[in-house]
Amino acid sequence: MEKKYENIMVERVEEVGIVKINRPAQLNALNKKTVEEIIDAIEGFEKDPGIKVMIITGSNHFSAGADIKEMSTLSPIEALEKSPLAVWEKMMENIKKPVIAAIQGYAVGGGCELALSCDMIIASEDAMFGQPEINLGLMPGAGGTQRLARLIGKQKAMEVCLTGRFIPAKEAYELGIVNKVVPKELLMQEALKLAKEIASKAPIAVEFIKDSIRKAFETNLKEGLEYERRLFYLLLSTEDAKEGMKAFIEKRKPVFKGR
Ligand code: HXC
């Protein structure tokens, strides 16, 4: 039985844990309560050995960002230390299982930043990305300038963050923000297909690949290559790697056990 939450819905489909933001009247704006619930659900799935991959999605829209009404009452120090979005964004850096964002409608401001903190993004044709904080006299504060610059390059990141214009799904795909654009009615089906495919792989290899790719954004190439090399040799010692290679030689499907 899944826990009951107020502003999110949680579901599991086989080995995939799904978190759905559900404050549709406010376009899933992220107030403290909602973010606390999302963190609780994601951390729960992270600890759950029955879950291999997660999907974050939203009812009607992904999210219109930080709850502006709530944010407008925070003092700068409160915002710096307790901004729920900053807490979520930091938490995402420590999640070892792959997280896929399945996005329809608006994913703007903090909503866009949280999508960018996921590992892959599947978007429906109506999805709309953007960092409109500039229009509030603000700026992205949960990774937008940093992750976008790394993902789409300096010039485009400047344009997106300085104009606040919204980027439709097709353009987001062309820019490399989105892995795949699909018709709206197929969004969850496609996200689940991707999640289940990854869930069928050797879990330690999945974890190490995610870790190593993320490292590419934190280190120089020399250190990154060394890090990857060490993880590769460590993986060779796993039962799953032995089974994977044995199965290849015996021309059969491998049975992975996560050991
Ligand atoms: C609180 C919000 C909201 C938000 C929408 N709503 N976005 N409430 N915070 N971020 C509410 C509206 O007030 C309205 O409530 C209802 O949701 C529907 O929104 P509309 O504006 O009527 O919808 P629409 O005309 O379709 O326009 C959609 C929209 C627009 C273009 C996405 O809502 C919008 O610009 N929202 C703000 C987006 C934004 O600036 N996000 C960045 C936030 S700052 P009522 O009660 O009137 O019906 C941020 C910083 C993160 O995210 C960094 C933190 C560290």
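Residues numbered from 1 in each chain as written. Predicted model: local features only at pLDDT ≥ 70, side-chain atom pairs only at ≥ 80, totals over all residues. Heavy atoms only, no water.

Colleague: How do you make sense of the environment of Cys 112 when you look at a structure like this?
Modeller: Residue position: Cys 112 is located in helix H5 (residues 110-116). A relative accessible area of 3% means that Cys 112 is categorised as buried. Between the alpha carbons of Cys 112 and Gly 164 there is a distance of 12 Å; along the sequence they are 52 residues apart. Sequence-distant contacts of Cys 112, that is, excluding residues within four places in its chain, are made with Ala 107, Phe 129, Gly 130 and Gln 131. (Helix = DSSP H or I, 4+ residues; strand = E, 2+ residues; numbered from the N terminus. Buried < 20%, exposed > 50% of the residue type's maximum accessible area, 1.4 Å probe, protein only. Contact = heavy atoms within 4.5 Å.)

Colleague: How should I be thinking about the environment of Lys 97 in this particular structure?
Modeller: Mapping Lys 97 onto the fold places it in the loop between helix H4 (84-93) and strand E4 (99-103). Residues Lys 97 and Glu 46 lie 51 residues apart in sequence; the distance between their C-alpha atoms is 6.6 Å. Not counting residues up to four positions away in its chain, the partners in contact with Lys 97 are Phe 45, Glu 46, Lys 47, Asp 48, Ile 51, Lys 52, Met 54, Asp 119 and Lys 210. Among the polar contacts listed, one links the side chain of Lys 97 to the backbone oxygen of Glu 46, at a separation of 2.9 Å. A polar atom in the side chain of Lys 97 sits 2.7 Å from the backbone oxygen of Asp 48. (Polar contact = N/O pair within 3.5 Å; in protein donor to acceptor, adjacent residues only side chain to side chain.)

Colleague: Looking at this model, I keep getting lost on the sheet that holds strand E5 (residues 106-108). Mind explaining?
Modeller: The sheet built from three strands is open, its strands ordered E5-E7-E8 with mixed pairing. With one partner strand each, in any of the chains shown, E5 and strand E8 (167-168) form the two edges of the open sheet. Relative to strand E7 (residues 128-130), E5 runs parallel, the two sharing three bridges. Residue pairing in the sheet places Ala 107 in a bridge with Phe 129 of E7. (Pairing = 2+ DSSP bridges.)

Colleague: Would you mind going over helix H11 (residues 221-236) with me for this structure?
Modeller: An ideal rise of 1.5 Å per residue puts 22 Å on 16 residues; H11 measures up with 23 Å between its terminal C-alpha atoms. Restricting attention to buried positions, one finds in H11 the residues Gly 224, Leu 231 and Leu 235. Along the axis of H11, the buried positions cluster into a sector of 40°, meaning they face one direction only. Pointing more than 90 degrees away from the buried face of H11 are the exposed residues Lys 222 and Arg 230. (Expected span 1.5 Å × (residues − 1). Arc of directions from axis to C-beta.)

Colleague: Help me understand unusual backbone geometry, please; the structure alone is not making it clear to me.
Modeller: Peptide bonds are, in most cases, trans, and in most cases residues other than glycine have a negative phi. Of note, Asn 60 is a non-glycine position whose phi angle comes to about 65°, a positive value. Structurally, Asn 60 can be placed in the loop between strand E3 (53-58) and helix H2 (68-71). Look at Lys 251: it is not a glycine, yet its phi comes out positive at around 55°.

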